[in-house]
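Given next are the chains, with one letter for each unit.
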Amino acid sequence: MNRFAVRSIPLLVMLSNAVLAQDAQRVQEITVVGVRDTHTVVTDDKMVAPPDTAQLLRKMPGANINKNGELTGIAQYRGMYGDRIRVSVNGAQISGAGPNAMDSPLHYAPVAILESLTINRGIASVSSGQETIGGYVQAQTYSGEYGGSGDFEFKGRTYFGAQSVNSGTVASGFFSLANRNHIIRSFVMTEQADDTEFPGGRIIPSEYERDRFDLGYSFRSGDHEFTLDFARNNTGDAGTASLPMDIHSVDSDLFRSSYTWEGRDTTVRAKFSFADNEHWMTNYHLRQPPQDNMMTTGAMRYRRNWAVSENMGFGLEAEQFVDNGSWKYGIDANLTDHRSIITNPNAPPFYISNFNDVNRDVLGVYLERSISLSDATGLDAGVRVNRVNMDSELVSANLNPMNMPSGMPAMMNLMASQLADRFNTSDLDQTDTNLDWFLRFSIEGGYDTTWYVGAARKTRSPSYQERYLWIPLEATGGLADGKTYVGDPNLDPEVSHEIELGFDREAGGYNIYPRIFYREVTDFIQGTPSSDMLVVNFAQMMANMGMGLPDPLQYNNVDASFYGFDLESDFALGDRFTLRAIASIVRGTRDDINDNLYRIAPDNMVLSLDYQGSNWVGTFESVIYANQNRVSQTNIEQKTDGYTIFNLTGRINLSPDLEIGVGIENLFDKEYEDHLAGYNRAYNPDIPLRYRMPGLGRNFYGRLMWYF
Ligand SMILES: [Cu+2]
C-alpha cells in the first residue's frame, strides 16, 4: 500500500462521518451530471524535482510553462499565458512586484509547501475568478487537518529534497497543533541552488535562493469556520537569464483570511487577502555587467530596478442548494497598485519613473446556476460583470545624469521628456465594463460516456504594462522576446468567444477525456511595429548604445484565434501496471495579418507507465515535444526542433510515516532547446547571446518525507 492510501483511510472515515452528521440537518445536495473539468496534481503523490510549482503544468493537459528562470515560471494554457491565466494561491490573487513577472503568482506557492495544483480544463466558471479569459489555475498549500477530539495533537511533515543538475537543496517543515475546533500551523522552508547544467555547459545565471515562513490559524465550531494566515517570502539572488536583469530580492508579506458558514440550504463564503511585495533586480550583480563599447562606457549602462506592488482582494459568495441543483451569487474586488523606478548606481541622478503608482482595480458581480435538467443531463451557466478602473500618476525621467549640454545623453533626455509630456497629458484614467458568460452542457450517452459542449464569452482589460509603459522598455510581464515595447492607455479590453466539445469515457480500467476547442479573440492585445517616430528614434538610439534591439513594438488591439485539442487518458494493464497519456496541441494565429502568435507551446505528449508495488511505486515516462515551426514574425521568434526525453522515478514507503523518493530526469542527458524558455540574455561562454535557452541536463534527485 502506498503512502497516500495509508493516509486516505482516516480521512475517508472522517469525511463519511461528516456527511452522515450533516445529512440530518442539510438539504440533500444533488449531483448535477457533468464531465471531469479539472486536473489535479497532489504533491505527495508526484515526484517533483524543481522548486517551481509552475513546472508541474508541463504534465497537465493543455498546460505548459513559459520559463524565464528557475523560480520564474509563467503559466500557459491552450496558448494563452501571463495575465490571461487567472492563478489563485489559496484563493487569493497575487499580482507580483516585478514588471516582467519575475515573481509570477506561482512564485508564491513553492513546491515544498504545495499540497496540490489544479488546472481547470477548458471553460472556467465565472465564479472561479474575475478575469478567466485564458483559464484558471489553483494552487493550494498545506493547511493541516482538524483532530477528532478536544485534545490537542502535534503533527507535521518534513520535506527534504536535493538535485544534481544545480546542486539544489530544499529543507522544510510543516507543523500543526490541532484538535476538533482549532488548528495552529506553521511552515518554514529554505532552498538554494547553483547554476544549472545542460549537456553543453551551464546556464549563467540560474542560481537561486528562497526562504519562506508561514503562520496560520483555523477555527471551526458548528456551521462556522474561520481562518487567518500570514506568509513571508524572501527570495534572494535568482538568475533569470531569459530576461534583461536578474532577481536581487523579492520580499513579500502575504495575509489572507476566510470565513465559511454552512447553513441548512445555503453556504456563505467570505475571503479577504492582502499582499505587499518589494523587489530589486539588476543587470550587473549576477550576470556579467555591461562592458565598454564604442558609444558608451559599461558603467553608464548599469541598471537597477526597484519595484513594489500592493494587492487587496475581497470576495463574498452565497451558494444556495435547491431541488434541482444550486445557485451562486457573488461579488469580488481586486485592487492592485504598482510602482517601478530604474536607476544607475554609477550615476545617481539617472532615473526612469517606469510605472508611477499605477492602479488596476477590478470590481465584479456574478450569478451562476448549476441545474439538473434530467437524470442524464446537466447544465452549468453563469454571467459576470467586471468594472475595471485603471489610472497612473505622472511620469518623468533623467537620462542625462552628468547634465551634458549636448551629445547622446542630452538628446535622449530631451526625447524622454517629450515622451513623458505626451503620456502625462493623455487620458490616463480608464474605465472598462466587461461582460462574461459561460454555458456548459453535459449528457450521459450510454457506453460509459458523458458528452460535453461548452461555450463562453470572456474578457480581459489591458494589464498595467500594456496601458502605461510610456518609454520603450522590455517591461512586458515576462514576454522575453527581446523587443522593447510601449503601451497605450486607450487600449480596449480583449473579448474572447469560445466553444469546446468533448466527452469522458470511464470504462473500468480504461478512461479517456478528450477535448477540442476553438476561440476567437477580438481586440487581442499584441505588440505591433511602432510607427511613432519619437518611439522608433528613441529605441534606435538605445540600440546604438548597445541597449536592446531597434524597431520597438507598440501594444495594439488586433484579432486572433486559438484552436486545438488535448486529452488525458489512463489504461490499466493488469493489477499493477497503468499506462497514462497526456497530449496537448494548440495553434494561435493572428487574423488581421498572416502571422502566428508568439511563444505557443509545441505539440507535446507525456506517456508514462506506472508500476504499483507492495510498498513502492515506480514510473517510467517519456516526454515528447514536436518541433515548433509556427513562429511569430512580429516577435522575431526562432523555430525549435522537437525532442524526446525519458524520466524515471520511484517512491518507497519505509514505514507508514516515512517515504523516500528518487528520480532521474532526462535519463540520456539529451541536449535540446526549450521553446518556451526564451533566449539567452546574459553573457555565457556556452550559449551565445539571443540563442535559444537549452533544456536541463540529466538530473538525479531525491526527496525524503517524514510525517509525525
Ligand atoms: Cu524583476
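Residues numbered from 1 in each chain as written. Predicted model: local features only at pLDDT ≥ 70, side-chain atom pairs only at ≥ 80, totals over all residues. Heavy atoms only, no water.

1. Concerning the packing of aromatic side chains
Thinking step 1. Per the counting criterion, the structure on display carries 21 aromatic pairs.
Thinking step 2. Each ring, one from F620 and one from F646, has its centre 5.9 Å from the other, and the planes form 10°; the classification is stacked. Highlighted residues: F620 in strand β31 (residues 616-625) and F646 in strand β32 (residues 643-655), separated in sequence by 26 residues.
Thinking step 3. Among the aromatic residues, those joined into a ring-pair cluster are F154, F175, W706 and F708.
Thinking step 4. One Lys or Arg, R36, reaches over the ring of Y513 and ends 4.1 Å from the middle of that ring.
Thinking step 5. Over the ring of Y146 we find R220; its NZ or CZ atom is 4.2 Å from the centre of that ring. (Phe/Tyr/Trp six-rings, centres within 6.5 Å; stacked < 30°, edge-to-face > 60°. Helix = DSSP H or I, 4+ residues; strand = E, 2+ residues; numbered from the N terminus. Lys NZ or Arg CZ within 6 Å of the ring centre and 35° of its normal.)

2. A short note on the sheet that holds strand β3 (residues 72-77)
Thinking step 1. Taking strand neighbours across the sheet as the criterion, the three strands line up as β2-β3-β4 in an open arrangement whose pairing is antiparallel. With one partner strand each, in any of the chains shown, β2 (63-69) and β4 (80-81) form the two edges of the open sheet. (Pairing = 2+ DSSP bridges.)

3. Looking at a negative patch on the surface
Thinking step 1. On the surface, D251, D276, E278 and E310 cluster together into a patch of negative charge.
Thinking step 2. With respect to the helices and strands, E310 occurs in strand β18 (residues 304-322). (Patch = residues over 30% accessible without salt bridge, like charges linked within 9 Å, V, L, I, M, F, W, Y side chains within 5 Å. Areas by Shrake-Rupley, 256 points an atom, 1.4 Å probe, with all protein chains shown as cover. Salt bridge = Lys/Arg side-chain N within 4 Å of Asp/Glu carboxyl O. Lys, Arg positive; Asp, Glu negative; His and termini not counted. Charge placed at Lys NZ, Arg CZ, Asp CG, Glu CD.)

4. Thoughts on unusual backbone geometry
Thinking step 1. The peptide bond linking I204 to P205 adopts the cis configuration, its omega dihedral lying at -10°.
Thinking step 2. With respect to the helices and strands, the residue P205 is situated in the loop between β13 (201-202) and β14 (208-221).
Thinking step 3. With a phi angle near 55°, D357 is a residue other than glycine that sits in the positive phi range.
Thinking step 4. The class of D357 is partly exposed, set by a relative accessible area of 22%.
Thinking step 5. In the Ramachandran plot, D448 falls in the positive-phi region, its phi being about 60° despite a non-glycine side chain.
Thinking step 6. Along the chain, the position of D448 falls in the loop between β23 (430-444) and β24 (449-460).
Thinking step 7. For D448, a relative accessible area of 47% translates into the label partly exposed. (Buried < 20%, exposed > 50% of the residue type's maximum accessible area, 1.4 Å probe, protein only.)

5. A short note on the coordination of the copper ion
Thinking step 1. Distances from the copper ion to its protein donors, M102 (SD), H279 (NE2) and M281 (SD), fall at 2.0 to 2.3 Å.
Thinking step 2. Read in sequence order, the donor residues coordinating the copper ion give the pattern M-x176-H-x1-M. Residue M102 is found in the loop between β6 (92-93) and β7 (114-120), and its partner H279 is found in strand β17 (residues 266-282); the two are separated by 177 residues along the sequence.
Thinking step 3. A residue is classified by how much of its surface remains accessible, and H279, at 0% relative accessible area, is buried. (Donors = N, O, S within 2.8 Å, 3.2 Å for Na, K, Ca; no water.)

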